[in-house]
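# Close look at the chain arrangement
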Amino acid sequence: MPVNPYIPNSDPEIKKQMLKEIGVTRVEELFADIPERIRFRKRLELQSPKSEYEVRRYIEGILSRNKTCGELTSFLGAGCWPHYVPAVCDEINSRSEFVTAYAGDVYSDLGRYQALFEFQSMIGDLIAMDIVSYPWYDWGNVCGDAARMATMITDRHELLIPRTISPDRLSVIRAHCEGLADVKLVNNDPESGQLGLEDLKSKISKKTAAIYIENPTYLGFIETRGEEISEVAHSYGALSIVGVEPLSLGFLTPPGEYGADIVCGEGQPLGMHMYFGGALLGFLACRDVERFVSAMPHRLISITTTEQKGEWGFTYVLPERTMFAAREKARSFTGTATALWAITAAVYLSLLGPQGIRELAEVIMQKSHYAIKRISEIRDIRVPIFKSPHFEEFTVNFNGTGKTVSEVNKALLEHGIIGGKDITMEFPELGETGLYCVTEIHSKADIDKLAAALQEAVQ
Amino acid sequence: MRDREITGYHAVAWKEPIVYQLARKGRRGYAVPAVEEEIKASIGDVLSLIPDKMRRKALPNLPELSEPEVVRHYIRLSQQTYGVDSGIHIHGTCSMKYSPKVNESLARSPKIADIHPLQEVETVQGILEIMYELQKWLCELSGMDEFSLQPRGGAHAVFSNARIIRAYHKLNGELEQRNEIITTVLSHPCNGGSPAAVGFKVVTLYPDEETGYPDIEALKSTVSKRTAGLMITDPYDTGVFDSNIEEYIKIIHEVGGLVAIDQANANCILSRLRIGDVGADLCHFNLHKTFSTPHGSTGPGSAAIGVKRELGKFLPVPIVGFDGEKYYLDYDKPYSIGRVGGFYGVIPNVLKAYAWIMTIGAEGLEETSEVAVMNNNYLIRKLLEVRGVSLPWDKSHPFRLQEARFSLEKMKEETGIGIADVNRRIVDYGLQDMETSHEPWIVPEPFTPEPPETTPKEDLDRIVEIFHRISQEAYTNPEIIKTAPHNAAISKIDRTPSSDPKKWAMTWRAYLKKIGGDEK
């Protein structure tokens, strides 16, 4: 076998020399711990090695069968949103030091700690919370963590969650709470979509650990009574948990200012490409109260000083609380996180700055409302279903047209357009409904093209 | 070893301010795409739609910087980060191997970066094929029948497997009774933490003094009708392979439990042992360890879980199927534990692992485990010549697999210098600090180097020489170690904020409130 380009000691001469130093004649002797009867002695049914060129050519061939959102015009969001990624984000997250580092201490990895502290800080300013944790997998998982924290902090075992939540996210939350807390769904007002305060009041009790709401909601509208909902929670000794999409906070009141005790959300819009849903970034925050911090499941980086003036240092807070040290006593798990994406989010937020994020949020809202307006001009289409302000996503109902979402989407694809997510199965009570997403990447021409194609599709 | 290859290192020390300190009011780093005038005219003031209470009163206090300043700041932070590409990397339990650059380059193609998870499957056949093939290859490598690529990291994989064990017993109507997961203390902490997060009671076995793993009798006296399953790591982070594994599996199966083996350390057994063949019911691989997806400064990782056919119905949905003509997302699993995360997994890592396996092929996988184990045993021989270094369980296990857990107990007793000091000093020589041990420390003053297959012999020799020098310092000039680091980007850190609520500040806003901005 030829010398492997990635395995320097695969040269037979080096092997011979190293084995001699070890004091064995055959490398097999080093595997003596593994009993012979359980050894795998066949050849793996995998291909033989290939050159870099062959691999590139082959994989590029496979990938060419994907049609990208750049080649088509897509109006999909629903938890993975299309936004422009500034070139600087890719430049920094391609830096080989960030790409290939892992878990060194501050003395080796100072830059990684600082970038992640800056991520924690900027998320903190966006959502108005003082404690932000190390990044985590995705919105669903940090929401599960938040729910778990609430049960620990309150020692109560019931969660109230709006019926309008994404069923996929609900599934992840249930996975985290199975056997730990009962999840009860709160109805929404059928006209406005807003969480039903009467239903909430009828379901909340002294057993409730927390009420969870989202802003904007999965169905795209803004939950406008965050403060009242937090007050209801607190009046029963329950916590208020809020999940957010971060760009909307360019102009929405941050949850830290309407009573949230724990905040979570999805950071993918902050400089991550969509990657078929494979580049998600959960963030988790809480009030600066020891009891809350102790219930946090993930690493927490604090800023500190060193023996030299003018140097910043960083250190992990209460390391003994996490699974790394407490094992099963932590009643939560943590581990390899999503640091490369968090570093990217830090870059993105420092590029945008306060004015940039404010303007971006407004641009998104202008474009999505233009789309709502254009689509609402089409006869028999109802858009949006709920009479509430929306951010970047909105529901489009086709019941009046006699067409199904699936039929409409097929017709759109013929025009090179990817229609909104079909949520008919997720929310049967809404009928034939698609969830559309419009952001800063959509031009007026894109939106007009969508309106024209929809018009044609429902005729 | 020539002296200049060992000394003379100094980390880049920029004394870089926090990004907020670099800001200057009015600066901008990004121009937001414009909105067409027709749109503005058509819809008017959209922000007025938002009720006053929900309208943000003050802009978020983000830093204001221009693009060149942002770039310089984060380039400097990257320079102060020690990656696998930066130098010698032997952080144990992590298989810190070099990752071929072609994989990174392929993963950055818009053909994978710019696709949405909810597109019609006809438009994403390429990525689905890659996912499907990787599922199949991981089955071949593990002896399992079905794989899911959804979990994001090892702890998530163990969490998912614990949920499958729970779902299995629930379906059999035995969940009430079977509420115990047995693990071993030398298994990764997630083998205890994740099942506890699922609601299991966790029972931990300790290693025998002779062998380094629990004896059969200890397990026999622990199992009962309450046993839901066994969740352990094998091989261990000590580099010892727990050769009781077959017997454990038999014992657990006899009482009706399931066995899940954490294969995060699989780099050393590739093509030599398939845990499914040994009888395990579930397992997981860390793509970011064994399959060469770079670690990303602690993620995103990716950890695929594999199960035997009879447990396939519990896997998270969807997995990728193939009907002979086209690839599709298979949601048809009525007993599925549901989703464990958003969408389908960490897709760029899936592609990188796929590309890595394709590049090195069947022969390369065998070469990988061979050279990784050879490198490790070479390092063991050499490090044991260093004064103050010992290897627990060396009588019963003179050879180790992917890594070895050493002890500096003797050095600590004789000089007062322990692993925390050595780990600071080692940075001065241009090495990254080493993995010590997960908690609890069974081995006193532990360190766990793992030299993967991509480490050249010359680097192994450098590591050994650096150890000799630090040992010599410990015995002759311990002060230089106690006051280390001297050549790092910063000097010794004040760790008191770690446990002091008045001092800790996890955000700049908290720092400003507690300590104030004047100090620097």
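Residues numbered from 1 in each chain as written. Chains lettered and ligands numbered in written order. Predicted model: local features only at pLDDT ≥ 70, side-chain atom pairs only at ≥ 80, totals over all residues.

### Section: the overall build of chain B
For chain B, the helix and strand inventory stands at 16 helices and 11 strands. In terms of C-alpha radius of gyration, chain B reaches 26 Å, essentially the compact-globule figure of 24 Å for 520 residues. With the C-alpha coordinates aligned to their principal axes, the bounding extent of chain B is approximately 80 × 65 × 45 Å. Put simply, chain B has 520 residues, and 59% of those count as buried. Sequence separation of 24 or more characterises 73% of the internal contacts of chain B that already satisfy a separation of 6 or more. (Helix = DSSP H or I, 4+ residues; strand = E, 2+ residues; numbered from the N terminus. Rg over C-alpha atoms; globule rule 2.2 N^0.38 Å. Buried ≥ 20, exposed ≤ 12 C-beta atoms within 10 Å, placed from the backbone. Contact = placed C-beta atoms within 7 Å.)

### Quick notes on helix 9 (residues 245-254) of chain B
All names here are of chain B. For helix 9, every residue scored as buried is listed here: Ile245, Tyr248, Ile249, Ile251 and Ile252. Projected down its long axis, helix 9 carries its buried residues within an arc of 165°, all on one side. For helix 9, the exposed residues set more than 90 degrees away from the buried face come down to Lys250 and Glu254. On its buried side, helix 9 packs onto helix 8 (216-220), strand 4 (227-233), strand 5 (258-262) and helix 10 (275-278). Where helix 9 terminates, the next one or two residues include Gly256, which has phi positive at roughly 90°. (Arc of directions from axis to C-beta.)

### Some details on helix 13 (residues 419-428) of chain B
Of all 10 residues that make up helix 13 of chain B, 9 are buried, and the element is covered over most of its length. Check the buried side of helix 13 of chain B and you find it contacts helix 5 (106-127) of chain A together with strand 11 (446-447), helix 14 (457-476) and helix 15 (478-482) of chain B. A positive phi of about 85° marks Gly430 of chain B, the residue just after helix 13 of chain B.

### Some words on the domain arrangement of chain A
Residue and element names in this part refer to chain A. Here the domain parsing of chain A yields domain 1 (73-82 + 353-458) and domain 2 (87-348). Look at where the C-alpha atoms of domain 1 and domain 2 centre, and you get two points 28 Å apart. On the domain 2 side, the residues contacting the 22 residues of domain 1 number 22 residues. In terms of residues, the side of domain 1 that touches domain 2 owes the most to one element, helix 12 (residues 339-376), which gives 6 residues. Along the lines of polarity and charge, the residues of the side of domain 1 that touches domain 2 split into 13 nonpolar, 4 polar and 5 charged. (Domains from an automatic or database assignment. Nonpolar A, V, L, I, M, F, W, Y, C, P; charged D, E, K, R; others polar.)

### Regarding the interface of chain B and chain A
Buried accessible area, meaning the area lost when the parts come together, often serves as the stated size of an interface. At the junction of the two partners, chain B supplies 179 residues and chain A supplies 179 residues. If you tally residues by element for the side of chain B that touches chain A, the top one is helix 11 (residues 347-383) of chain B, at 22 residues. When the residues that make up the side of chain B that touches chain A are grouped by side-chain class, the tally is 89 nonpolar, 52 polar and 38 charged.

### Some words on the nonpolar core
Residue and element names in this part refer to chain A. Ranked by internal contacts, the top residues of the largest apolar core, which has 319 residues, are Ala210 and Ile343. Counting residues per element, this core draws most heavily on helix 12, which supplies 21 residues. Once residues lying within four places of it in the same chain are set aside, the contact partners of Ala210 are Ala147, Ala150, Leu159, Ala233, Ala238, Leu239, Ser240 and Ile241. (Core = buried A, V, L, I, M, F, W, Y, C linked by C-beta atoms within 7 Å.)

### A few points about the pairing of strand 7 (residues 262-266) of chain A
Residue and element names in this part refer to chain A. Counting buried positions along strand 7 gives 5 out of 5 residues, so the element sits mostly inside the fold. Strand direction decides the pairing type here: strand 6 (residues 239-244) and strand 7, joined by 4 bridges, are parallel. Across the sheet, residue Ile241 finds its bridge partner in strand 7, namely Ile262. (Pairing = 2+ DSSP bridges.)

### What about the sheet that holds strand 2 (residues 180-184) of chain B?
Residues and elements named next belong to chain B. One open sheet holds the 7 strands; their spatial order is 1-7-6-5-4-2-3, and the pairing between them is mixed. Each of the sheet's edge strands pairs with one partner strand only, and the pair in question is strand 1 (146-148) and strand 3 (201-205). Within the sheet, the average angular offset between the axes of one strand and its neighbour, ignoring direction, is 20°. Bridge count for strand 1 against strand 7 (residues 303-307) is 3 bridges, and the pairing is antiparallel. Each residue of the ladder has a partner; that of Ser148, found in strand 7, is Ile305. (Axes fitted to C-alpha atoms, helices over the stretch in contact; angles between N-to-C directions.)

### Some remarks on the environment of Ala295 of chain A
Residues and elements named next belong to chain A. Considering the arrangement of structural elements, one finds Ala295 in helix 10 (residues 290-295). When the 23 C-beta atoms within 10 Å are taken as the criterion, Ala295 is described as buried. Along the backbone, Ala295 and Glu71 are 224 residues apart, and their C-alpha atoms lie at a distance of 46 Å.

### Here's the deal with the confidence of the model for chain B
Residue-level pLDDT values for chain B average 96, and 98% of them are 70 or greater. Predicted as a complex, the structure gets a pTM of 0.98 and an ipTM equal to 0.97. (pLDDT = per-residue confidence, 0-100.)

### Quick look at the sheet that holds strand 3 (residues 158-162) of chain A
Residue and element names in this part refer to chain A. Spatially, the 7 strands line up as an open sheet ordered 2-8-7-6-5-3-4, and their pairing is mixed. Each edge of the open sheet is held by one strand with a lone partner, namely strand 2 (131-132) and strand 4 (182-186). With 6 bridges joining them, strand 5 (residues 208-215) and strand 6 adopt parallel strand pairing. For Tyr212, the partnering residue across the bridge sits in strand 6 and is Ile241. Seen against the sheet, helix 5 touches strand 2, strand 6, strand 7 and strand 8 (282-286) and runs at an angle of roughly 65° to strand 8. Strands strand 3, strand 5, strand 6, strand 7 and strand 8 of the sheet are contacted by helix 6 (residues 139-154), whose axis makes an angle of about 170° with strand 7.

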